[in-house]
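Single-letter residue listing:
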Amino acid sequence: VQLLGAAQAQGVELRIRSSFRSYEEQARTFQFWIDQLGEAQARRESAPPGNSEHQLGTTADVISRSVGWELIEPFGATTEGKWLAAHVAEYGFAISYPPNSEQTTGYVYEPWHVRYIGKACAAEAQASGLILVQFLERVGAAR
């Protein structure tokens, strides 16, 4: 709420498209992507049930009007996506799947996918320059 409010105060309209997903909802989501893209591509773009950060209750997909409220890579190049990337840590979040990290994360670049890790941890993660999963492994946090 604070992140969205700060964006709004600066003239940047962001909305949450997706947040917590139950195991069952993630199973439906994953199957949808298999049906749309085939299993190999779906595994690059969606997590199987039991493996999604959305099931933690600390993750949200953030969208904007400039990309038709869709979860698409061009969001990262929009004013809203750039604002999110620049300010996400101030509000305790990190972008889980940054550009050029698929080999490490297993997932394609998702500029909209943010995970709450707390303000102090987010600042430390950002300062480390590590991809979120690498940072969490370094500090011994469970994924």
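Conventions adopted
- Residues numbered from 1 in each chain as written.
- Predicted model: local features only at pLDDT ≥ 70, side-chain atom pairs only at ≥ 80, totals over all residues.
- Heavy atoms only, no water.
- Patch = residues over 30% accessible without salt bridge, like charges linked within 9 Å, V, L, I, M, F, W, Y side chains within 5 Å.
- Areas by Shrake-Rupley, 256 points an atom, 1.4 Å probe, with all protein chains shown as cover.
- Salt bridge = Lys/Arg side-chain N within 4 Å of Asp/Glu carboxyl O.
- Helix = DSSP H or I, 4+ residues; strand = E, 2+ residues; numbered from the N terminus.
- Buried < 20%, exposed > 50% of the residue type's maximum accessible area, 1.4 Å probe, protein only.
- Core = buried A, V, L, I, M, F, W, Y, C linked by side-chain atoms within 4.5 Å.
- Contact = heavy atoms within 4.5 Å.
- Axes fitted to C-alpha atoms, helices over the stretch in contact; angles between N-to-C directions.
- Parallel < 35°, antiparallel > 145°, perpendicular 65-115°, else oblique.
- Left-handed = near helix turned anticlockwise from the far one by under 90°.
- Nonpolar A, V, L, I, M, F, W, Y, C, P; charged D, E, K, R; others polar.

Student: What am I meant to see in a nonpolar patch on the surface here?
Tutor: On the surface, Phe32, Trp33 and Leu37 cluster together into a nonpolar patch covering about 260 Å² of accessible area. When you line up the elements, Phe32 lands in helix H2 (residues 23-37). Under the relative-accessibility criterion, Phe32 is labelled partly exposed at 42%.

Student: Quick question: what am I supposed to make of the nonpolar core here?
Tutor: What tends to happen in soluble globular proteins is that the nonpolar side chains get buried as a cluster. Grouped together as the largest cluster of nonpolar side chains are 17 residues, with contacts concentrated most on Leu3, Leu14, Trp83, Leu84, Val88 and Val114. Of all the secondary-structure elements, those providing two or more residues to this core are helix H1 (2-9), strand S2 (59-63), helix H4 (79-87), strand S3 (93-97) and strand S4 (110-116). Counting residues per element, this core draws most heavily on H1, at 3 residues. In this structure Leu3 touches Trp83, Leu84, His87, Val88, Tyr91 and Phe93, once residues within four positions along its chain are discounted. Grouped together as the second largest cluster of nonpolar side chains are 8 residues, Ile117, Leu132, Phe135 and Leu136 included.

Student: What is the right way to read the packing of H1 against H4 from this model?
Tutor: Helix-helix packing is described using two parameters, namely the angle between the two axes and the distance between the axes. Closest axis-to-axis distance for the H1/H4 pair is 11 Å, and the angle between their directions is 125 degrees. Accordingly, the angle class assigned to the pair H1 and H4 is oblique. The interaxial crossing formed by H1 with H4 has right-handed handedness. In contact with Leu3, Ala6 and Ala7 of H1, H4 contributes Trp83, Leu84 and His87. Its residues placed into classes, the contact of H1 with H4 shows 5 nonpolar, 1 polar and no charged.

Keep in mind these numbers describe shape, not what the thing actually does.
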